[in-house]
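Structural features, examined
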Amino acid sequence: MPYEFILTETRGRVALIRLNRSKQMNALNPKLMQELGQALDGYDADDGVGAIVITGNEKAFAAGADIAVMQNYSFMDVYKSNYITRDWEHIRNIRKPVIAAVAGYALGGGCELAMMCDIVIAAESAKFGQPEINLGTFPGAGGTQRLPRAVGKAKAMDLCLSARMMDAAEAERSGLVSRVVPSDKLMDEALAVAEKIASYSLPVAMMVKEAVNRAYETTLSEGVHFERRMFHATFGLDDQKEGMAAFVEKRKPVFKHR
Ligand code: DAK
């Protein structure tokens, strides 16, 4: 499907979505976010896809929501139309693993978009921040909630209140990103991780995602209970039989994603 602001392709069982407003540093306008939601929904429903990568270009993953579009909105405009929530919440409902491959700026809504993904892989050039306070507003797509969960209160307060940027090394040290790679290796690494994940049993990968996300929403004992039940559920899968039989027979498993 032709989109205006994103490029999409599949490579085997991996779907790649590239944000494509390079002149505007991939500023996230409503149409781009609509298209992103549409593409994500499509891949989530596609049995041939096991993992999704979202990336930008070498200068910017995304420099935030589109300030030029937002500047004249009134409270009623954003409140009544459910601005941001209506398009941005899509990604939270995607059940397959989503990887953000971040080079350059991931600021404001761009940082929030990366944090909505399941794994963030950063190029050495990556810069993260929540600089909305510069604009007389503050993070509105989860920045004040996901950032402290990822990096702790002290650093989240620092970033949101001072508007400073955090480089890739600091982001990795703080737990916002899972790995930092040389800039020219970013896509190879992100696609290799996605391919690896997509080679495993899809329902199991989906259950892992659901169980880890549960840790953010509930108490430890309820989370462990949820995990236990999901673990029990894997014993109803053909893929669990195949995975364990393959180990015992010293061969590679052939998962059927069921
Ligand atoms: N929006 C629109 N255009 C942007 C943009 C943005 N966020 N970021 C960059 N651009 C545009 C620039 O205006 C410029 O356009 P031209 O002048 O060429 O037409 C072009 O991209 C190149 O940018 P620069 O010339 O500034 O490039 P530099 O290398 O000098 O600087 C920069 C790069 C990323 C450091 C700088 O562009 C910058 O500071 N950008 C703004 C970063 C920012 O403040 N981001 C936060 C945006 S606010 C909500 C939920 C969420 C949000 C809002 C509401 N609700 C639930 C209601 C989210 C808000 C945000 O994300």
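Right, let's walk through the structure included here.

Quick notes on the rules
- Residues numbered from 1 in each chain as written.
- Predicted model: local features only at pLDDT ≥ 70, side-chain atom pairs only at ≥ 80, totals over all residues.
- Heavy atoms only, no water.
- Helix = DSSP H or I, 4+ residues; strand = E, 2+ residues; numbered from the N terminus.
- Rg over C-alpha atoms; globule rule 2.2 N^0.38 Å.
- Buried < 20%, exposed > 50% of the residue type's maximum accessible area, 1.4 Å probe, protein only.
- Contact = heavy atoms within 4.5 Å.
- Areas by Shrake-Rupley, 256 points an atom, 1.4 Å probe, with all protein chains shown as cover.
- Salt bridge = Lys/Arg side-chain N within 4 Å of Asp/Glu carboxyl O.
- Disulfide = S-S within 2.5 Å.
- Axes fitted to C-alpha atoms, helices over the stretch in contact; angles between N-to-C directions.
- Parallel < 35°, antiparallel > 145°, perpendicular 65-115°, else oblique.
- Left-handed = near helix turned anticlockwise from the far one by under 90°.
- Nonpolar A, V, L, I, M, F, W, Y, C, P; charged D, E, K, R; others polar.
- Pairing = 2+ DSSP bridges.

In terms of regular secondary structure, the chain is built from 12 helices and 10 strands. Scaling as 2.2 N^0.38, a compact globule of 258 residues should have a C-alpha radius of gyration of about 18 Å, and the chain matches this with 19 Å. The burial tally for the chain puts 44% of its 258 residues in the buried class. The long-range share in the chain, meaning contacts at least 24 apart out of those at least 6 apart in sequence, stands at 67%. For the chain, the accessible surface area stands at approximately 13,800 Å², while carbon and sulfur atoms represent 55% of it.

Looking now at the pattern of salt bridges. Scanning the model with the defined rule gives 14 salt bridges in all. In this structure, Asp158 engages Arg164 in a salt bridge whose closest nitrogen and oxygen atoms are separated by 3.1 Å. Under the relative-accessibility criterion, Asp158 is labelled partly exposed at 29%. Linking Lys185 and Asp184 is a salt bridge whose minimum nitrogen-to-oxygen distance equals 4.0 Å. Counted as one network, the salt bridges with shared partners bring together Lys155, Asp158, Arg164 and Glu170.

All right, on to the state of the cysteines then. The full count for this structure, using the stated rule, is 0 disulfides. Cysteine Cys111 is unpaired, with the sulfur of Cys160 as its nearest cysteine sulfur at 8.4 Å.

Turning our eyes to something else, we now look at the packing of helix 6 (residues 143–151) against helix 7 (residues 153–162). Contact pair helix 6 / helix 7: the axes reach a minimum separation of 7 Å and the direction vectors enclose 135 degrees. Between helix 6 and helix 7, the interaxial angle falls into the category oblique. Remark: the crossing between helix 6 and helix 7 carries right-handed chirality. Together, Leu147, Pro148 and Val151 of helix 6 and Lys153, Lys155, Ala156, Leu159 and Cys160 of helix 7 make up the contact between the two elements. The residue inventory of the contact of helix 6 with helix 7, partitioned by class, reads 6 nonpolar, no polar and 2 charged.

On to the environment of Gly64, then. Positionally, Gly64 belongs in the loop between strand 4 (60–62) and helix 2 (67–70). Residue class for Gly64 comes out buried when judged on its relative accessible area of 2%. Distance in space between the C-alpha atoms of Gly64 and Ala106 is 7.1 Å, their sequence separation being 42 residues.

Attention shifts here to the pairing of strand 5 (residues 98–102). Along strand 5, 5 of the 5 residues are buried, which leaves the element largely enclosed by surrounding structure. Across 4 bridges, the pairing between strand 3 (residues 51–55) and strand 5 is parallel. Across the sheet, Ile54 pairs through a bridge with Ala100, a residue of strand 5. Taken together, the 4 bridges between strand 5 and strand 7 (residues 119–123) define a ladder with parallel strand orientation. When the sheet's bridge partners are listed, Ala100 is paired in strand 7 with Val120.

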